[in-house]
Amino acid sequence: MKQVLLSIIASMMFFSCVSTDEETIDSTTFTPKFDNDYTQCSTPILGESSITFNAGRVRSVGVYKNISKITATVDLSGLDNINWVNASFYMVNGSGEYCDAGESGSPYCNEIDFLETNGNVATQTTIHLNHQQSYEYAYLHSLLTNPCWDQEKMKESINDGIYDASVIDPTRPFDVITEFASDYSNMTTTFVQDGNTVVVYDFLKNAAATGSGLQNLDGLAESMEQGWKIVASLWQGYSPNPNSSYRFDDPACKEWSDVCSGKYIISNIKVTAEAEL
C-alpha cells in the first residue's frame with residue numbers, strides 16, 4: 001500500500017510539472033496611453049479613455065509584444081453623409097518613427113488595419129505583411145440611407161470579399177474586436193452592437209476581396225515578438241470603395257467631403273498581450 005501511495009504522489013507531481021510547462025504564455029490586458037502624432041484641422045483630444053478626432057493621428061506610447069486581442073468602441077456618428085473621409089484604427093510593426101504599409105512617403109513596416117472607413121458606410125479590414133496584403137470589406141446600415149452609394153452594386157459581391165454588416169447602426173457606437181490564433185495562423189475582426197455580431201474579417205474562412213495577394217500569415221509570429229504600436233486617425237487620401245459602388249457619376253457626390261467637417265471618437269481601447277515594451 002505504501003508503494004502504491006508513493007506512486008500516486010509521484011504521478012501527481014509529474015503531471016503538475018507537465019501542465020505547468022505546457023501553459024500558454026501569460027497575457028495581460030493593457031490600456032494604452034497615446035501621444036499626438038499628426039495634426040491637421042485641430043489637435044486630437046486625448047481624454048481619459050477616449051480620443052476625439054477632427055482630423056489627425058495618435059500613436060500609443062507603449063509597444064505591445066505577442067498580442068492576442070485588441071478591442072475598442074468606435075463612434076462614427078460624426079461622419080454621417082460624409083464621404084471619402086477615413087476613420088481608422090490599426091497597428092504598425094515598429095517602435096521608432098512613424099511607419100506604415102502605405103509606401104507613400106513613410107518608412108515601410110507591417111501594418112494591420114482593424115478598421116478603415118469611407119465615411120460611415122463602407123469599412124475595410126486588412127493585413128499588410130511582407131509587402132503583401134489580404135483585405136475584406138463590409139457595409140453598415142448607413143448604406144441604406146446615403147444616396148451616394150449604389151446599394152445593388154455593393155450587394156452583388158456579398159460573401160465574395162464584401163460582407164453585410166447592415167445590422168450595425170453607425171449613428172451609434174459599436175465595438176470592434178480583433179483576435180489572433182495562438183499560433184498566429186489566423187486573425188478575425190468582429191463588429192458588435194446591441195447583441196448583433198458580424199464577423200467582417202476572417203483570414204482563413206472568409207473569401208478575400210479581389211486584389212488580395214497574401215496567402216498565409218508566415219512571419220506574423222516573428223513580428224509579434226518585435227512588438228507593435230497602436231494607431232488611430234481621421235484622415236483623407238484613401239477610403240474603401242467596395243465593388244466600385246460609390247456614385248461618382250452623381251454630380252452631388254462627385255466631390256470628396258471636407259475632412260475637417262468630420263468627427264470620429266474612439267474609446268475603451270484595450271490590448272491583450274504578453275508584455276508592454
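Anyway, here's the lowdown on the structure attached to this text. Please read these numbers as outputs of a predicted model, since none were measured by experiment.

The next subject is the overall build of the protein chain. Regarding its fold elements, the protein chain presents three helices and 16 strands. Oriented by its inertia axes, the alpha-carbon framework of the protein chain measures out at about 90 × 40 × 35 Å. Here the protein chain, with 277 residues, has 48% of them falling under the buried criterion. In the protein chain, of all internal contacts separated by at least 6 residues, the share reaching a separation of at least 24 is 70%. Counting only carbon and sulfur atoms, one obtains 49% of the accessible surface of the protein chain, whose full area is about 13,100 Å². Of the charged side chains in the protein chain, 15 are positive and 36 negative; the average position of the first set lies 4 Å away from that of the second.

Once that is clear, we can look at the pattern of salt bridges. Taken as a whole and assessed by the stated rule, the structure comprises six salt bridges. Of the charged contacts in the structure, one is a salt bridge between Glu-225 and Lys-65, with a shortest N-O distance of 3.5 Å. A residue pair is termed long-range when its members are at least 10 positions apart, and Glu-225 in helix 3 (residues 220-226) and Lys-65 in strand 6 (residues 64-75) qualify at 160 residues. The exposure class of Glu-225 is partly exposed, given its relative accessible area of 43%. For Asp-169, the salt bridge goes to Arg-172, with nearest N and O atoms at 3.6 Å. One network of salt bridges, with partners in common, ties together Asp-37, Arg-57 and Arg-59.

A word on the environment of Val-85. Note that Val-85 resides in the loop between strand 6 and strand 7 (86-92). Taking C-alpha positions, Val-85 is 22 Å from Ile-269, a pair spaced 184 residues apart along the chain. With sequence-adjacent residues up to four places away left out, Val-85 is seen in contact with Leu-79, Thr-117, Asn-118, Gly-119, Leu-234, Trp-235, Gln-236, Ser-239, Ser-257, Asp-258 and Val-259.

Moving on, we come to the nonpolar core. Soluble, globular proteins show a tendency: their nonpolar side chains are buried together. Ranked by internal contacts, the top residues of the largest apolar core, which has 51 residues, are Ile-67, Phe-89, Met-91, Tyr-264 and Ile-266. With near-sequence residues (within four places) excluded, Tyr-264 lies in contact with Ile-51, Thr-52, Phe-53, Val-74, Asp-75, Leu-76, Ala-87, Ser-88, Phe-89, Leu-115, Ser-233 and Leu-234.

Quick look at the pairing of strand 6 now. Burial of strand 6 is extensive: 10 of the 12 residues sit out of reach of the surface. Two elements, strand 6 and strand 16 (residues 264-276), share nine bridges in a ladder whose sense is antiparallel. Counterpart to Lys-69 in the pairing with strand 16 is Thr-272. The sheet contact formed by strand 6 and strand 12 (residues 174-180) spans six bridges and is antiparallel. Opposite Ile-70, over in strand 12, you have Thr-178 as the bridge partner.

Here strand 12 shows one buried face, formed by Phe-174, Val-176, Thr-178 and Phe-180, and one open face, formed by Asp-175, Ile-177 and Glu-179. In this structure, strand 12 lies alongside strand 13 (residues 187-193), joined through six bridges in antiparallel fashion. Bridging across to strand 13, Asp-175 finds its partner in Val-192.

With that settled, the discussion passes to the side chain of Thr-73. With respect to the element layout, Thr-73 can be found in strand 6. A polar contact is formed between the side chain of Thr-73 and the side chain of Asp-175, at a distance of 2.6 Å. The residues contacting Thr-73, other than those within four sequence positions of it, are Pro-173, Phe-174, Asp-175, Ile-265, Ile-266, Ser-267 and Asn-268.

Another aspect to go through is the environment of Cys-99. With respect to the helices, strands and loops of the structure, Cys-99 is situated in the loop between strand 7 and strand 8 (111-118). In this structure the C-alpha to C-alpha distance between Cys-99 and Glu-255, which are 156 residues apart in sequence, comes to 29 Å. Not counting residues within four places of it along the chain, the set of residues in contact with Cys-99 comprises Val-92, Asn-93, Gly-94, Ser-106, Pro-107, Tyr-108 and Cys-109.

Scoring rules and cut-offs
Residues numbered from 1 in each chain as written. Predicted model: local features only at pLDDT ≥ 70, side-chain atom pairs only at ≥ 80, totals over all residues. Heavy atoms only, no water. Helix = DSSP H or I, 4+ residues; strand = E, 2+ residues; numbered from the N terminus. Buried < 20%, exposed > 50% of the residue type's maximum accessible area, 1.4 Å probe, protein only. Contact = heavy atoms within 4.5 Å. Areas by Shrake-Rupley, 256 points an atom, 1.4 Å probe, with all protein chains shown as cover. Lys, Arg positive; Asp, Glu negative; His and termini not counted. Charge placed at Lys NZ, Arg CZ, Asp CG, Glu CD. Salt bridge = Lys/Arg side-chain N within 4 Å of Asp/Glu carboxyl O. Core = buried A, V, L, I, M, F, W, Y, C linked by side-chain atoms within 4.5 Å. Pairing = 2+ DSSP bridges. Polar contact = N/O pair within 3.5 Å; in protein donor to acceptor, adjacent residues only side chain to side chain.

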